Amino acid sequence: MISRLGPHESKCQLKNPKSADRGRQAVAVFLVAFLVSQAGLFLLVEFGPVGLRDPEYAAKERRLRCIRERTPSRPIVVAFGSSRLAGGLRPDVLPADERALFNFGLVGAAPVTQRLAIERLMRAGLRPSAVVLEFWPPYLLDFNNVREFDRLDPNRLNAADLSAISGYATDPTGLVWQLRTRRLAATFAHRFVLLNLLAHCWLPFEQRQAFRWRPVDEWGWLPSAESVPGDGARAARLAQARQYYEPFLTADRLDPIGEQAFADLLDFCADARIPAVLLWLPESSEFRSWYGPHTESLVQRRIEEWSRRPGVRGIDARARQVAARLPDGFHLDRLGATEFTHRLAVALQSSSNCRDSREGETTASCESKRTGLSVHAGGQPWTRCCVISDIP
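All of these numbers come straight from a predicted model, not from anything done at the bench.

1. Description of the pairing of strand S3 (residues 130-134)
Point 1. Counting buried residues in S3 gives five out of five residues, a clear majority hidden from the surface.
Point 2. Residue alternation in S3 divides its side chains into two sets, Ala130, Val132 and Glu134 and Val131 and Leu133, and both sets are buried.
Point 3. Relative to S3, strand S1 (residues 77-81) is paired through four bridges, and the arrangement is parallel. For Ala79, the partnering residue across the bridge sits in S3 and is Val132.
Point 4. For S3 and strand S4 (residues 276-280), the ladder comprises four bridges, and the chain directions are parallel. Directly across from Val132, in S4, lies its bridge partner Val277.

2. Details of the confidence of the model for the protein
Point 1. In the predicted model, the protein carries a mean pLDDT of 80, and 79% of its residues have values of at least 70.
Point 2. The least confident element of the protein, judged by mean pLDDT, is strand S7 (residues 361-363) at 37; the most confident is strand S2 (residues 101-105) at 97.
Point 3. In this model residues 351-387 is a low-confidence stretch, pLDDT under 50, and it forms 90 contacts with partners more than four residues away in sequence or in other chains.

3. Comments concerning the packing of aromatic side chains
Point 1. One pass over the full model with this rule turns up 19 aromatic pairs.
Point 2. Measuring from centroid to centroid gives 5.9 Å for Phe135 and Phe262, while their planes differ by 65°, and the two rings are edge-to-face. Here Phe135, found in the loop between S3 and helix H6 (148-151), pairs with Phe262, found in helix H12 (residues 256-271); they are 127 residues apart in sequence, far enough to count as distant.
Point 3. Taking relative accessible area as the criterion, Phe135 reaches 0% and is therefore assigned buried.
Point 4. Residues Tyr245 and Phe330 carry aromatic rings whose centres are separated by 5.0 Å and whose planes lie at 70° to one another, so their mutual orientation is edge-to-face. With a gap of 85 residues between them, Tyr245 in helix H11 (residues 231-249) and Phe330 in the loop between strand S5 (312-316) and helix H15 (334-349) connect regions that are remote in the sequence. Residue Tyr245 shares its accessibility class with Phe330, and that shared class is buried.
Point 5. Through a chain of ring-to-ring contacts, the aromatic side chains of Trp136, Tyr139, Tyr244, Tyr245, Phe248, Phe287, Trp290, Tyr291 and Phe330 assemble into a single cluster.

Criteria and thresholds
Residues numbered from 1 in each chain as written. Predicted model: local features only at pLDDT ≥ 70, side-chain atom pairs only at ≥ 80, totals over all residues. Heavy atoms only, no water. Buried < 20%, exposed > 50% of the residue type's maximum accessible area, 1.4 Å probe, protein only. Helix = DSSP H or I, 4+ residues; strand = E, 2+ residues; numbered from the N terminus. Pairing = 2+ DSSP bridges. pLDDT = per-residue confidence, 0-100. Contact = heavy atoms within 4.5 Å. Phe/Tyr/Trp six-rings, centres within 6.5 Å; stacked < 30°, edge-to-face > 60°.

Put into structure tokens, the structure is as follows:
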């Protein structure tokens, strides 16, 4: 005989109170674990090693620290700039006893990122004896509101970095809010950084960034192209570069934010009593032909003006490299980087074309400590000379 149960009686018999409790406990444990992991990653990203949020910078800092620890008494000149400098300056080719130049080039680094890097180094106890700062007009010219700050990834920053860069943001309050909201979901916001560090092969090719720091050598050089491509390939690269950069190079004015950022960078170095060299890196004849007449004279006047500041020297190296060593018109290949590094080392040590900006007197020769690039340790007289000069 089959017993018949009502619908309510049947449901009551199927319920299992212990099973329901275990389900609620599992959900609670998951939520607690998730919140704890997010909080832990937030603390690591915000207060932990800089490599967790900016591995490209961290790779250069580690190498510079190793050099400082090996030779604590040797002054180090640190060069800051974009990928043009990262691949175009090879301190490793200089004689070991004369090697006092470190390449701190970061991909896309214009004045805002250069200042950020200098401030981070100083907070880390790695004060440069002197700095070389890349000067490149496309980062300063006003075209279509394309600015360096808009290219910065907020995930690379923490609260200590904001003081150096927030003044150049279109919306400083929005930047702070964006940084805070990303920290609340740190795992999601930093997923690409973490994957690039741990398993970059899992990422699509266009999202792989490890090429920016994995190949970097002991002195900060990021290996550039091994050789110049054929005429057809070089022509294609030049055409691509022209399409992108010519609108910048024919702009009729400087971007006020970019100009202010560079002036503030020089003021920061002056306040810290760090001598600075403004370096205009090589450009091919094709690339130089894309400048508008007004634009070229405008940026030339600006670098000359900045080069007359106390403690600043300007070096114009645009035409000091054969075009064949510049595959796309503005990046040096490996041989070109080697040749350029030797020329730059001579220029930095040279005492020619030196002017005391305070007195307005030009001298045929100056002591090396008066060349605008003092590499003496802190406490030594700070230089106050030099105008723009060409690389020999």
